[in-house]
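# Structural overview for review
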Amino acid sequence: MKSPLLVLIYTVDCPLRCDFCWCPGDGYKPTKIRKEDAIRYIREAAGLGVVKKAVFTGGEPFLFHEELVEVLEACKGLMPVRIVTSCFWAKTKELALERLRPLVGRGLIELSCSTDPTHQAFVPASFVENAVKAGLELGLTCEIVSVFWDTASRTEDIMKGFRHPRLHFFQHLAVPMGRGRQRGITWQDYNIPRPSQMGGCNLGGCDFFTFTEFNITYSNSQMGGCNLGGCDLNIYPDGEVYPCCAGELNFLGRLSFGNTKKDSLKTILERIQKDAYVQLVFNRGFDAIYGLARWKFPHMLPLLPNDNDLASVCQLCVRIHGDGNLMKALGPLLDYGKKLIEIEQRLEGCKKERNN
């Protein structure tokens, strides 16, 4: 499993109004993390010894460029940094270099640029090209991430053939939540597996894993899922901490594991890592929950939501975890699934020891 990330939702403000955005915006208070708190979070996370990278996202973190420089200066040397941006600030390559240079000198190593037809209604693709080429010139690893309402579009087409060893492309299908909640798109429209048959959010682990108890083997290359890195510390401006960065879905799904105003990051991370639901869903997916219900807990199967009208595991997560009564009923199933994972991890550890 990947090391947890420290993800700072630095602000929910954004100059764009993408039609698929699910970042909490209108009416959400406070709108940004205080500079002093961001510094505290990075220092505290670095002290845990397991968090290897800090990520600034939003909203649009570059709305507060001077603060970003100050935060990175105060935390210089503690951990590398990635920033996610729409590149609205990169009108020319020279301006992009001017914005990026002071950040690179203070810990920025990765630049994640969001662009697609929806973003480009607000920010031209040329701005992203300027930011990427400036970032590469400064030694950064860059990525271009796109969200599409169709399965035919390709992120690679945006850069018109430009390639570089440190430039990577990622694309996702839009989820009909947030501003896109009125769209009636389902998994059938996207021609993907139904959410209850998809793998987990954390696709960075082993290539294969097996629940031999009910004879199901899953391959990561065959799974859907969020690919969010799993079990991270995602901190919002109000101090709430979630295991993923799924915007308003975190609120609807009641996924908070604590607040930085009351608990240490160590305490919150331990809660996330010990939680049976998080471990099962992030590492095995909803197909494991439905599979366990069919095999071991058949009386629980009718309680699980029908996902015919859904397009994403994120929507299914809201329906399950957001229902307190359902979560209480699923307790024995989730605990059993967590035990299977723990046994598998111990066996894997023993196997590695023998091989060494």
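For the structure given in this document, a descriptive report is provided here. This one's a predicted model, so the numbers in the text were calculated from it and none came from an experiment. (Residues numbered from 1 in each chain as written. Predicted model: local features only at pLDDT ≥ 70, side-chain atom pairs only at ≥ 80, totals over all residues. Heavy atoms only, no water.)

## Description of the packing of helix H8 (residues 276-284) against helix H9 (residues 286-295)
- It is the contact of H8 with H9, at a shortest axis distance of 6 Å, that shows an interaxial angle of 115°. Between H8 and H9, the angle falls in the class roughly perpendicular. Residues Tyr277, Leu280, Val281 and Arg284 of H8 touch H9, and the partners they reach there are Phe286, Asp287, Ala288, Ile289 and Leu292. (Axes fitted to C-alpha atoms, helices over the stretch in contact; angles between N-to-C directions. Helix = DSSP H or I, 4+ residues; strand = E, 2+ residues; numbered from the N terminus. Parallel < 35°, antiparallel > 145°, perpendicular 65-115°, else oblique. Contact = heavy atoms within 4.5 Å.)

## What about the sheet that holds strand S5 (residues 141-148)?
- As summarised here, the arrangement of the eight strands in space is S6-S5-S4-S3-S2-S1-S9-S10, forming an open sheet in which the pairing is mixed. Only two strands of the sheet have a single partner each, and these edge strands are strand S6 (167-173) and strand S10 (241-242).
- Where strand S1 (residues 6-11) lies against strand S2 (residues 54-58), five bridges are found, and the strand directions are parallel. Within S2, the position partnered with threonine 11 by the bridge is glycine 58.
- Against the sheet, helix H1 (residues 35-48) touches S1, S2 and strand S9 (233-235), its axis set at about 175° to S1.
- Contacts from helix H7 (residues 265-274) reach S1, S9 and S10, with the element oriented near 120° to S9. (Pairing = 2+ DSSP bridges.)

## A word on the pairing of S1
- With six of six residues buried, S1 is to be regarded as a mostly interior element.
- For the segment spanning S1, H1 and S2, crossover handedness is right-handed.
- As paired strands, S1 and S9 are joined by three bridges and run parallel to one another. Looking at the pairing, leucine 6 lines up with leucine 233 of S9. (Buried < 20%, exposed > 50% of the residue type's maximum accessible area, 1.4 Å probe, protein only. Right-handed = clockwise from strand over helix to strand, strands pointing away.)

## Here's the deal with the pattern of salt bridges
- Taken as a whole and judged by the stated rule, the model has 18 salt bridges.
- Measuring nitrogen to oxygen at the nearest pair gives 2.7 Å for the salt bridge that ties lysine 133 to glutamate 129. Residue lysine 133 and its partner glutamate 129 are located together in helix H4 (residues 125-137), separated by four residues, close to a single helical turn.
- Relative accessible area serves as the criterion here: at 29%, lysine 133 is assigned to the partly exposed category.
- For glutamate 129, a relative accessible area of 26% gives the class partly exposed.
- Arginine 284 is the partner of glutamate 344 in a salt bridge, and the nearest nitrogen-oxygen pair spans 1.9 Å. In this pair, glutamate 344 is assigned in helix H12 (residues 331-355) and arginine 284 in helix H8, connecting sequence segments 60 residues apart.
- When its relative accessible area of 8% is taken as the criterion, arginine 284 is described as buried.
- Connected via shared salt-bridge partners are Arg34, Asp37, Arg40 and Glu44. (Salt bridge = Lys/Arg side-chain N within 4 Å of Asp/Glu carboxyl O.)

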